[in-house]
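In case you want the letters, here they are:
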Amino acid sequence: MGSPYDTSESLDRRRTMVRSVLFMIIIGTLPFYLIGFWLWGTAPDADAQDNINVTEDIIPPTNTPLGQGALTATPTLRSTSTPFPTLPPLQFTPPQFQPPVIQPTAVPTQVIIPTSTTAPTLTPLPSNTPIPQPTATPFLPPTDTPPPSDGGGDVPPPVDAPPVDSPPDGGDDSGGGDDSGGGPPGDGGGPPPGG
């Protein structure tokens, strides 16, 4: 199973959901479409002639205006209008309302004087005590202890490295008389320099 953030699975799931919702909408509205097509097909034609059987017993209607001859026209006068009618003269401007001025009265306010409180006590800092120095422990030199034997035989003695031969005095190719080619100075391999 993929991670919850796998885009391909979530995209496929979303597409499937959208497709199923649209399919349900189509299935739900399909009966209404079918009923509409059926009503459209069975409706009578609006342009067709009505098939009314005309018989001689029906009297065709006559066109007689209402109140024919009973109405007499009386001339009416047109109303006249004056373009600028005469208005009564303007009245005086009414006085403006001015609210009464209320003088504020001095109300003594209660003054609260704070009481003196003691300052908080400070905690003293720790004293400067010296840090104890580590004591030097003596270094013990290693001792020559033979390795434990397994009891199966003789232990061979330790073998020392063979001594290094130094070149004979004056026989080096450097051309100088210094002791730079051999061992360290003062190893006894040659005379001291300058002597």
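1. Remarks on the overall build of the protein chain
Part 1 of the reasoning: Of the regular secondary structure elements, the protein chain holds one helix and zero strands.
Part 2 of the reasoning: Sorting the 195 residues of the protein chain into buried and exposed places 0% on the buried side.
Part 3 of the reasoning: Accessible area of the protein chain: about 21,300 Å², with a carbon and sulfur share of 63%.

2. A few points about helix 1 (residues 7–42)
Part 1 of the reasoning: The terminal C-alpha atoms of helix 1 lie 53 Å apart, and with 36 residues this matches the ideal 52 Å at 1.5 Å per residue to within 8%.
Part 2 of the reasoning: Most pronounced at threonine 29, the bend in helix 1 amounts to some 35°, and the proline proline 31 follows within four residues.

3. Some remarks on a nonpolar patch on the surface
Part 1 of the reasoning: Nonpolar side chains collect at one region of the surface, where Met17, Val18, Val21, Leu22 and Ile25 lie side by side and expose about 460 Å² of accessible area between them.
Part 2 of the reasoning: Relative to the elements of secondary structure, methionine 17 occurs in helix 1.
Part 3 of the reasoning: Exposure remark for methionine 17: the relative accessible area of 53% places this residue in the exposed category.

4. Observations concerning the packing of aromatic side chains
Given two aromatic rings, their pairing is described by the distance between the two centres and the angle made by the two planes.
Part 1 of the reasoning: Under the defined criterion, the tally for this structure stands at one aromatic pair.
Part 2 of the reasoning: Taken together, a centroid distance of 6.4 Å and an interplanar angle of 25° make the contact between phenylalanine 37 and tryptophan 40 stacked. Here tryptophan 40 and phenylalanine 37 lie together in helix 1, a separation of three residues that amounts to about one turn. Considered together, phenylalanine 37 and tryptophan 40 belong to a single accessibility category, that of exposed residues.

Analysis parameters
- Residues numbered from 1 in each chain as written.
- Predicted model: local features only at pLDDT ≥ 70, side-chain atom pairs only at ≥ 80, totals over all residues.
- Heavy atoms only, no water.
- Helix = DSSP H or I, 4+ residues; strand = E, 2+ residues; numbered from the N terminus.
- Buried < 20%, exposed > 50% of the residue type's maximum accessible area, 1.4 Å probe, protein only.
- Areas by Shrake-Rupley, 256 points an atom, 1.4 Å probe, with all protein chains shown as cover.
- Expected span 1.5 Å × (residues − 1).
- Bend = angle between axes of the 7 residues up to and from the residue.
- Patch = residues over 30% accessible without salt bridge, like charges linked within 9 Å, V, L, I, M, F, W, Y side chains within 5 Å.
- Salt bridge = Lys/Arg side-chain N within 4 Å of Asp/Glu carboxyl O.
- Phe/Tyr/Trp six-rings, centres within 6.5 Å; stacked < 30°, edge-to-face > 60°.

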